[in-house]
Amino acid sequence: MPQEAHWTLTLWGPPSLIDPQGQRRRCEGKPLALLVYLALEGRATRLRAADLLWPDAGQAGRNNLVIMLRRMGQTYGAPLLTTEQVLTLASAVRVQALDGGGAGQALPLDGLQYPELEEFDAWLREQRVRLRAEGAWAARAAARSLEAQGRGEEALPLLQRAAFLQPLSDETTRALMRVQYLAGDSAAALATFGQFRQSLRDTLQTDPMPQTQALAQEIERSRPRAPEPQGPPAAPDLSSGPAHLVGRDDVLEAITQARQAGQVVVLTGEAGIGKTSVAQASAARHGAALTLRGHPSDAPIPYASVTRGLRLLLEAHPDLHQQVLARPVLGLLLPERLEAALPEGDVRPALHAALTQLYQLAAAQVQTLMLDDVQLMDPASLDLCLSWLDAPALSAAVTVCYRTGALPPAASGLLDDLVRRGRATQLALAPLTTEAVGTLLCALGGPELEAHAPGLSHFSGGNPLYLQETVRHLLTPEGTLDLGRLPRTGRAEQLLIGRLEQLSPVEVQLARAASVVAHDLRPELLATMLGVSPAELETAWQALGQAGVLVGGQFTHDLLRETLGAQMPPPLRSLLHRAAARALAEAGAPPAQVALHWEAGSRPAEAASALRQAGAVAQGSGLYREAGRFFGRAADLLEAGPHSEVAFEVRIEQLEALFILEDQVPAWQGAVAALERLALTPAQQARAALHRARLHFALQEFEAQVQCAQRGLVWARQAQATETEVALLEILAGYALQHDYRASPPLLEELEALAARLGRLEIQARALEGLGFALLMIDPRRAGPVLDTAEQRHLAVSAPPFAASVCAKWSRAAYRLGDFEASLAHNLRARQHLGTTEGFRVVALINAYGEALTRWALGDLEGVRQLLGQHQHQVAETPTEQGWLSALYLVQLWLEVAQGTGEPDLLAAQVQALPDFPPPLRVEQQALLAALLGCMGQKEAAQAQLDDLLAHVQRLGDVYLLRRTQMQRAALTGDRAVLSTLGDSAVRRGLCGLSAALRPIPLTRPDPMLAVMLRVCS
């Protein structure tokens, strides 16, 4: 059979019609307008087409359309469109509507204008915008695919095309900047940002989104800088060579033994004692090492230590970039490499999982993972790193180094526990002995210096860093040692002070400013702090490098920085912290870092403001623990001053962050107590009661929760605080839905009415969904219209997956009414709403459970098996997911009972072993168990099980489960009269599936679970 010849209609550039021979055919005016309209809209009635092309012409326009269609057929010699009442393009016409990125500077529908057709011309303008967006999307998608294959150079022109199509798109600009940066062209990436920012300011009078600005700042920070000129070292360097290991043979041997025993090594000691040197030397003996290190400025910034380590890791192992791309959550830490895709709610579990997986891959390529200066790590990084120690998450041996007494109590306790359980060995580095000091001095300065070992050992306290500083002090400008300069009394710490005192006033000023900033030091930032130009500081910057104070933008040792800070007058230190806060804020530094300096500069109000910004950023990124900490500290600062009203609002912000989490109860309790102390007005008391009620719920103190919510409701109504009233009503309605469905409709109806008054469609949607759920339990006949409205409300204001939750409930209502075809239709619509989203996993499982039951009722056993197979190997991320996965497995067990393919005692054991059943389905678990007990002849046990079930469902008010359980019990006891009465009751209540199961020859499809129960019991 000959293939159909195809025509092509192109929509990019000037639209054109190409015949099957590849020749461009003349097509313009209204024929072209009609073809373009049908290509993009799919169909149009003759009336609609005539009105568009001949507006206000009436019947004459329809006649014109008929004539035009006839002429098109004659001109082209082939039917390009159907000529029925509804016009569509013929199957022979193919449309090139998507620009794949290879169209150069072409634009969609270029040059196509119909100013005389006002409505059609407006439609054309809308389609151009849509096609440009689709073209940009296609180019970005193709670029992402190439990036994932490691073909970033090929992705670059695609993203440039996307930027041409959407010049004001932040998403496209970020993607282009990332590809340019990863190609090693930071300058091009920053130029792209600059052009984009200028375009936004010129066109929309606005700036790029915060994510785009943050990406530009990160790229700017990571640009390679010219090497700083350094003078010759002022003293021998102890950080390499054999000298730095003098007196440490016993420690190195102990580390080797611990590694062989599979233990974590924990090295502790005072500053300068040589922890890092010993750890590095030990690691070098065993092969390659990977280091994660804390820095002085990390503490306030979530995941600062891990992020810096991650960037160094990726520089050293470029092959891991593809692994990063496979974990989009890492875009939160690495915006220069990929756009973040964050899960709903708390991002911490997904982020920690991705980081752990990445470091597992990296650790497999080395023999040692070194966690150095962990006392300087930010809390989030420290928690992650310590989580790798208890379970063998990483294949490499692990060494942890920290300064004695500097770890937070929780971290110190965790390491102590590892030592007690034999998972770790702790080695405290002691000061060097006098003999070791002599050996070291000989290596540093020769035999004549070794003779002074006893005095220098006492002078330095056996600390290698102080010994090095002592030798530096003895070194003359000519490079010889002058023993006459050896101090007679005092301690070696004084030599650090003396060295700093030799700096010029400008150098001291610069060093002090640097000590305040602490790390990642840049001359331009320090110049801003001191109010001078970078050129004015250039000489002083070089001098600090030659003096061995600063190297590579950081202090050569933390003791130098700490000594500078300790010797600084407190008023000057506060002044410099305030200057640092202003300079860092101007440079776009993280708000948490800015807040630290405002607080150290005795400006609590400014610190609180920056902390609130930090909390908002963390919360927007899904880092709710960090957000709660930032908001909490801000509230503490405000409560200490005359800012109680603002403090109240910040406590609310803290509690909203903590509300998302499940493991922060102590912090939650403290914040609620603080909020209650601040609550003075009825409106504030109502809001405090709301958060106290939420806390009661988290602690499963349900009666106290209800009492607290009721008190809060009185205050809210007194203050006419409708928003708070709505939230409290949601709590009371939620309690009723968990404990007595019959009590919930009045509350939910009141909630829906209040939400309507406020214009809060999302709350209306939730209230209607809850009402529909309650009705499907107490009278499923009334549930449909309510759930229909809830679905439409969700679609109007929320993402489609929210509507999927409603459809799953609607399916359950239809199932209970025995309308299994409608039930399946609702399940399929829920699937459509869910799409391919990675979130809403629980909703997807709930819908799959309902669909499995419905397909079973319809006799589609193969469909049930396929559905169960899709989720068979799914790994649960939460207990709730595990519960609904158990529910799906319960369907499998029901099928085995129905088909007689399993032994009842083995099936009963499997039913009892299913974990984490969701409360709504524990009844189903117990019903199947009762049926299996009946199978095994244990009728008394089965009857006792059903009696417990009856008491439970009567309390809930679930009419379907009540009737079904009563029927199962009556069948077990053989009471036909009761069964008949129950069947009549089911008919009156519309529970047709249940009533059909009682008939010997059902006229409609029976409820499958009840049918199995009845057969088993009989």
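Residues numbered from 1 in each chain as written. Predicted model: local features only at pLDDT ≥ 70, side-chain atom pairs only at ≥ 80, totals over all residues. Heavy atoms only, no water.

Per an unreviewed UniProt entry, the protein chain carries the name AAA family ATPase and comes from Deinococcus arboris.

Description of the environment of Ala44
The cut-off we apply is this: Under the scheme used here, helices are H or I runs from DSSP no shorter than 4 residues and strands are E runs no shorter than 2 residues, and both carry numbers assigned from the N terminus. Only protein chains enter the accessibility calculation, which uses a 1.4 Å probe; a residue whose area is less than 20% of its type maximum is buried, one above 50% is exposed, and one in between is partly exposed. Pairs of residues are marked as contacts when any of their non-hydrogen atoms sit within 4.5 Å.
Within the element layout of this structure, Ala44 appears in strand S4 (residues 44–45). The class for Ala44 is buried, based on a relative accessible area of 5%. A sequence separation of 41 residues divides Ala44 from Gln85, and the C-alpha atoms of the two residues are 8.7 Å apart. Non-local contacts of Ala44, meaning those with residues more than four positions away in its chain, are made with Tyr37, Leu38, Gln85, Val86 and Leu87.

A look at the nonpolar core
Put simply, the test is: For this analysis, a nonpolar core means a set of buried residues of the types Ala, Val, Leu, Ile, Met, Phe, Trp, Tyr and Cys, connected via side-chain atoms within 4.5 Å.
Ranked by size, the top nonpolar core spans 114 residues in total, and within it Leu371, Leu389 and Met529 carry the most contacts. In terms of residue count, the dominant contributor to this core is helix H28 (residues 624–639) (eight residues). Grouped together as the second largest cluster of nonpolar side chains are 62 residues, Leu858, Trp884, Met1009 and Val1016 included.

Overview of the sheet that holds strand S11 (residues 424–428)
Rules: The pairing criterion for strands is at least two bridges between them, as found by DSSP. A fitted line through C-alpha atoms represents every axis, and for helices the fit uses only the stretch in contact; the resulting angles, taken between N-to-C directions, go from 0 to 180 degrees.
Read from one edge of the open sheet, five strands run S8-S9-S10-S7-S11, paired in parallel fashion. The outermost strands of the open sheet, each flanked by one partner alone, are strand S8 (289–293) and S11. Each strand axis lies, on average, 15 degrees off the axis of its neighbour in the sheet, ignoring direction. Relative to S11, strand S7 (residues 264–269) is paired through five bridges, and the arrangement is parallel. If you follow Val265 over to S11, its bridge partner there is Thr425.

Topic: the sheet that holds strand S6 (residues 93–96)
Two pairing modes exist for strands in a sheet, parallel and antiparallel, and in both the strands are linked by backbone hydrogen bonds. A sheet is described by the order of its strands in space; here four strands give the open sequence S3-S2-S1-S6, paired in mixed fashion. What marks the edges here is a single partner per strand, and that holds for strand S3 (24–25) and S6. Looking at chain direction, strand S1 (residues 7–10) and strand S2 (residues 16–18) are connected through three bridges and run antiparallel. Paired with Thr8 across the bridge in S2 is Ile18. Its contacts with the sheet place helix H1 (residues 29–41) against S1, S2 and S6, and it is angled at close to 90 degrees to S1.

Regarding helix H24 (residues 558–567)
The element H24 is largely enclosed, with a buried count of seven among its 10 residues. For H24, the full list of buried residues reads Asp558, Leu559, Leu560, Arg561, Thr563, Leu564 and Gly565.

Describing the domain arrangement of the protein chain
By convention, interface size is frequently given as the accessible area that disappears when the constituent parts associate. Basically, it comes down to this: Just so you know, the domain bounds were taken from an automatic or database domain assignment. The buried area of a pairing is the accessible area, by a 1.4 Å probe, that goes missing from both parts when the two are put together, added over both. Here a salt bridge means any side-chain nitrogen of Lys or Arg lying within 4 Å of a carboxyl oxygen belonging to Asp or Glu. The definition of a polar contact used here is a pair of N or O atoms within 3.5 Å, where within protein one atom must be able to donate a hydrogen and the other to accept one, and adjacent residues in sequence count solely through side-chain atom pairs. When residues are sorted by character, Ala, Val, Leu, Ile, Met, Phe, Trp, Tyr, Cys and Pro go into the nonpolar class, Asp, Glu, Lys and Arg into the charged class, and all the rest, Gly among them, into the polar class.
For the protein chain, the domain assignment lists domain 1 (7–96), domain 2 (167–221), domain 3 (248–430), domain 4 (435–484), domain 5 (499–569) and domain 6 (590–678). Taken together, the contact pairs four residues of domain 4 with four residues of domain 5. In total, domain 4 and domain 5 occlude about 370 Å² of area from one another, counting both sides; carbon and sulfur atoms represent 56% of this. On the domain 4 side of the contact with domain 5, Leu465, Glu469 and Arg472 bury the most area, a combined 79% of that side's loss. Summed over the shared surface of domain 4 and domain 5, the number is zero salt bridges. Counting across the domain 4 and domain 5 interface gives zero residue pairs in polar contact (both at pLDDT 80 or more). Classifying every residue of the side of domain 4 that touches domain 5 by side-chain character gives two nonpolar, no polar and two charged.

Considering the packing of aromatic side chains
The condition that has to hold: We call Phe, Tyr and Trp rings a pair once their centres come within 6.5 Å, taking the six-membered ring for Trp, and we label the pair stacked below 30 degrees between planes, edge-to-face above 60, and tilted otherwise.
Here the structure, examined in full by the defined rule, presents 12 aromatic pairs. For the ring pair Phe659 and Trp668, a centre distance of 6.2 Å and an interplane angle of 70 degrees mean the geometry is edge-to-face. Assessed through its relative accessible area of 36%, Phe659 is described here as partly exposed. Consider the rings of Trp856 and Trp894, whose centres lie 6.5 Å apart with planes at 45 degrees: the pair is tilted. Remark: Trp894 occurs in helix H41 (residues 879–899) and Trp856 occurs in helix H39 (residues 841–857); sequence separation between them is 38 residues.

Structural notes on the state of the cysteines
What makes a disulfide is a covalent bond joining the sulfur atoms belonging to two cysteines. Quick reminder of the rule: The disulfide definition used here is simple: a pair of cysteine sulfur atoms within 2.5 Å.
Tallied over the full model, the rule gives zero disulfides. With no disulfide partner, Cys401 has as its closest neighbouring cysteine sulfur the one in Cys385, 12 Å distant.

Quick word on the side chain of Arg578
Relative to the assigned elements, Arg578 resides in helix H25 (residues 570–586). The contact partners of Arg578, leaving out residues within four places of it in the chain, are His597, Trp598, Gly601 and Arg603.

Notes on the pattern of salt bridges
As enumerated under the stated definition, the model contains 43 salt bridges in all. Notably, a salt bridge pairs Arg311 with Glu336, separated by 2.6 Å at the nearest N-O pair. Residue Arg311 is located in helix H11 (residues 304–316), and its partner Glu336 is located in the loop between helix H12 (321–325) and helix H13 (348–363); the two are separated by 25 residues in the primary sequence. Taken as a pair, Arg311 and Glu336 share a single burial class, namely buried. Arg692 is the salt-bridge partner of Glu676, the closest N and O atoms lying 2.8 Å from each other. On the criterion of sequence distance, the pair formed by Glu676 in helix H30 (residues 665–678) and Arg692 in helix H31 (residues 682–698) is long-range, its members being 16 residues apart. Each of the salt bridges in this network shares a partner with another, and the network as a whole consists of Arg831, Glu851, Arg855 and Asp860.

Some thoughts on the packing of helix H5 (residues 152–165) against helix H6 (residues 170–182)
Put simply, the rule reads: Angles are sorted into four bins: roughly parallel if under 35 degrees, roughly antiparallel if over 145, roughly perpendicular if 65 to 115, and oblique for all others. Helix crossings are classified by the rotation of the near helix relative to the far one: an anticlockwise turn of less than a right angle makes the crossing left-handed, while a clockwise turn makes it right-handed.
In contact at an axis separation of 9 Å, H5 and H6 are set at 155 degrees when each is read in the N-to-C sense. Between H5 and H6, the interaxial angle falls into the category roughly antiparallel. Handedness of the crossing formed by H5 with H6: left-handed. Along its contact with H5, which presents Gly152, Leu156, Leu159, Gln160, Ala162 and Ala163, the element H6 presents Thr172, Ala175, Leu176, Val179 and Gln180.

Here we look at the packing of helix H27 (residues 604–620) against H28
Each packed pair of helices is defined by two parameters, the angle between the axes and the distance between the axes. Contact pair H27 / H28: the axes reach a minimum separation of 8 Å and the direction vectors enclose 160 degrees. Taken together, the axes of H27 and H28 are roughly antiparallel relative to one another. Crossing hand, H27 versus H28: left-handed. Taken together, the residues of H28 that come into contact with H27 (itself represented by Pro604, Ala607, Ala608, Leu611, Arg612, Ala614, Gly615, Ala616, Ala618 and Gln619) are Tyr624, Glu626, Ala627, Phe630, Phe631, Arg633, Ala634, Leu637 and Leu638. Per-class residue counts for the contact of H27 with H28 are 14 nonpolar, two polar and three charged.

Observations concerning the environment of Thr439
Among the secondary structure elements, Thr439 is positioned in helix H16 (residues 434–445). For the pair Thr439 and Gly247, spaced 192 residues apart in sequence, the C-alpha separation works out to 8.6 Å. Ignoring sequence-local partners within four residues, the contact set of Thr439 consists of Val246 and Glu450.

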